[in-house]
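Structural features, examined
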Amino acid sequence: RHLRRWFDEYLDKAPAWSIQRRKSVRMLVDGTWLDRDTCLIVYRDDTSKSTIYYRFAADEKEYEIIRDLDVFKQLRLGIASFTTDGADDIIRAIRYVYPHIARQRCVVHIERECLAWLTQHPKSSAGITLRRLVCQISDIKTNNDRLFWIKCLHEWHDEYEEFIMQKTVNKETGELTYTHDSVRRAYIHLHRAVSHMFEYIDDPEVPNNTNGLESFFGHLKDNLRIHRGMSVEHRNNFIKWYLFFANEKKKKR
């Protein structure tokens, strides 16, 4: 009872949070769902492994991300680069507020999405060849690697353009649909991402993935599972304290 009372004193309130001005921030931006209605958005500095800012939201909305980024700009936070997954709202918001800052797409997300569409054993030669290209992404380290890989992607498109544009009639709806839609989706994902896939080659300090943030989310959720059964208010305050103490731990190192 004494421990529960002690914990409740913490969970009935939340720590004060302030954004600390920094000279050079390698920003990771991502969100994780806590339940069907609540998403935790976190802005994290990959260099110091600390949280810059966080917010509970109903979704990753562009106008809300813009509002966050505007605050960073007003505070003159020294953001040197952004690394994000493929969330359109986050990408558009960054492009609007920080159009001249390097914006790196998480290569792990790109690989994961494409491999999910292509499956482990594609049946077509187009799928097999494209899957091989996707699996090479993590090995691209130099500008020559980048140029060669992009050349191979263009050659793939030239060879299989007709294949991915083929359509058939859906027997249930009578509508025309793409015959090889999964392969087409994988290619479109790569095509849209390629312009911001290799920022880390020009600037080695740019993180090329958001693994550090996803790992942090994993540890957070492991702790939430240990303390499951809390009210929504206590759960949210638990997260606030967790982020607060994680930052304090980094300051002491």
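Refer to the structure presented above.
Here goes a summary of the coordinates provided. These numbers come from a predicted model, not from an experiment. One numbering rule holds for all chains: residues counted from 1, following each sequence as written. Totals for whole chains, interfaces and linings use every residue, but because this is a predicted model, local features are given only for residues with pLDDT of at least 70 and side-chain atom pairs only at 80 or more, for both listing and counting. Hydrogen atoms and water are omitted, and side-chain values are computed over all heavy atoms in the structure.

Looking now at unusual backbone geometry. Positive phi outside glycine occurs at Lys 49, with the angle close to 55 degrees. Labels follow the DSSP assignment, with helices taken as runs of H or I lasting at least four residues and strands as runs of E lasting at least two, numbered in each case from the N terminus. Mapping Lys 49 onto the fold places it in the loop between β2 (39–45) and β3 (50–57). Although it is not a glycine, Arg 76 sits at a positive phi angle of roughly 55 degrees. The topology assignment puts Arg 76 in the loop between α2 (62–74) and β4 (79–84).

Attention now goes to helix α4 (residues 107–118). With 12 residues, α4 should cover 16 Å at 1.5 Å per step; its first-to-last C-alpha distance of 16 Å lies within 8% of that length. Working definition: with a 1.4 Å probe on protein chains only, accessible area under 20% of the residue-type maximum means buried, over 50% means exposed, and in between means partly exposed. For α4, the set of buried residues is Val 107, His 109, Ile 110, Glu 111, Cys 114 and Leu 118. Residues of α4 that are buried sit in contact with β1 (25–33), β5 (102–105), α5 (125–135), α7 (181–193), α8 (199–202) and α9 (211–226). Within two residues after α4, Thr 119 carries a phi angle of roughly 65 degrees, on the positive side. To estimate how far a helix should reach, multiply one less than its number of residues by 1.5 Å. In this analysis, two residues are considered to be in contact whenever any of their non-hydrogen atoms come within 4.5 Å of each other.

As a further point, take the packing of aromatic side chains. Ring pairs are drawn from Phe, Tyr and Trp, using the six-membered ring of Trp, whenever the two centres fall within 6.5 Å, and their geometry is named by plane angle: stacked under 30 degrees, edge-to-face over 60, tilted for the rest. Overall, the coordinates contain 19 aromatic pairs when judged by the stated rule. Here the aromatic rings of Tyr 160 and Phe 163 are separated by 6.4 Å at their centres, their planes lie at 75 degrees, and the arrangement is edge-to-face. Here the residue Tyr 160 and the residue Phe 163 both occupy positions in helix α6 (residues 143–165), the gap between them amounting to 3 residues, near one helical turn. Owing to a relative accessible area of 10%, Tyr 160 belongs among the buried residues under this scheme. Exposure remark for Phe 163: the relative accessible area of 18% places this residue in the buried category. An aromatic cluster is present here, built from Trp 6, Phe 7, Tyr 10, Trp 241, Phe 244 and Phe 245 joined pairwise through their rings. Sitting above the plane of the Tyr 98 ring, Lys 73 keeps its charged end 5.5 Å from the centroid. A ring has a charge above it when a Lys NZ or an Arg CZ is no more than 6 Å from the ring centre and no more than 35 degrees off the ring normal.

Our next topic: the packing of α5 against α6. α6 packs onto α5 with a crossing angle of 165 degrees between their chain directions and a minimal axis gap of 11 Å. Taken together, α5 and α6 sit at an angle that is classed as roughly antiparallel. Crossing of α5 over α6 shows left-handed handedness. Of the residues in α6, those touching α5 at Ser 125, Ala 126, Thr 129, Leu 130 and Leu 133 are Trp 149, Cys 152, Leu 153, Trp 156, Tyr 160 and Phe 163. Class assignment of the residues belonging to the contact of α5 with α6 gives a composition of 9 nonpolar, 2 polar and no charged. For every element, the axis is a line fit to its C-alpha atoms; helices are fit only across the contacting stretch, and the angle between N-to-C directions ranges from 0 to 180 degrees. Orientation categories follow fixed angle ranges, with anything under 35 degrees roughly parallel, anything over 145 roughly antiparallel, 65 to 115 roughly perpendicular, and all other angles oblique. Helix crossings are classified by the rotation of the near helix relative to the far one: an anticlockwise turn of less than a right angle makes the crossing left-handed, while a clockwise turn makes it right-handed. For this scheme, ten residues count as nonpolar: Ala, Val, Leu, Ile, Met, Phe, Trp, Tyr, Cys and Pro. Four count as charged, namely Asp, Glu, Lys and Arg, and the remainder, Gly too, count as polar.

So, about the nonpolar core. General note: in soluble globular proteins, nonpolar side chains tend to be found buried as a group. We define the nonpolar core as a collection of buried residues of types Ala, Val, Leu, Ile, Met, Phe, Trp, Tyr and Cys that are connected through side-chain atoms lying within 4.5 Å of one another. Leu 130, Ile 137, Trp 149, Trp 156, Leu 190, Met 197 and Phe 198 are the most contacted members of the largest nonpolar core, which totals 28 residues. Looking at this core, the elements that each hand over two or more residues are α4, α5, α6, α7 and α8. Per-element tally for this core: the top contributor is α6, with 7 residues. Once residues within four sequence positions are removed from consideration, Trp 156 is found in contact with Ala 126, Thr 129, Leu 130, Leu 133, Ile 164, Val 183 and Tyr 187.

Here Asp 45 shows up in strand β2. Pairs of N or O atoms are called polar contacts if they sit within 3.5 Å, as long as, within protein, a hydrogen donor faces a hydrogen acceptor (for residues adjacent in sequence, only side-chain-to-side-chain pairs). A polar atom in the side chain of Asp 45 sits 3.3 Å from the backbone nitrogen of Arg 26. Ignoring any residue separated from it by four or fewer positions in sequence, one finds Asp 45 in contact with Arg 22, Ser 24, Val 25, Arg 26, Ser 50 and Ile 52.

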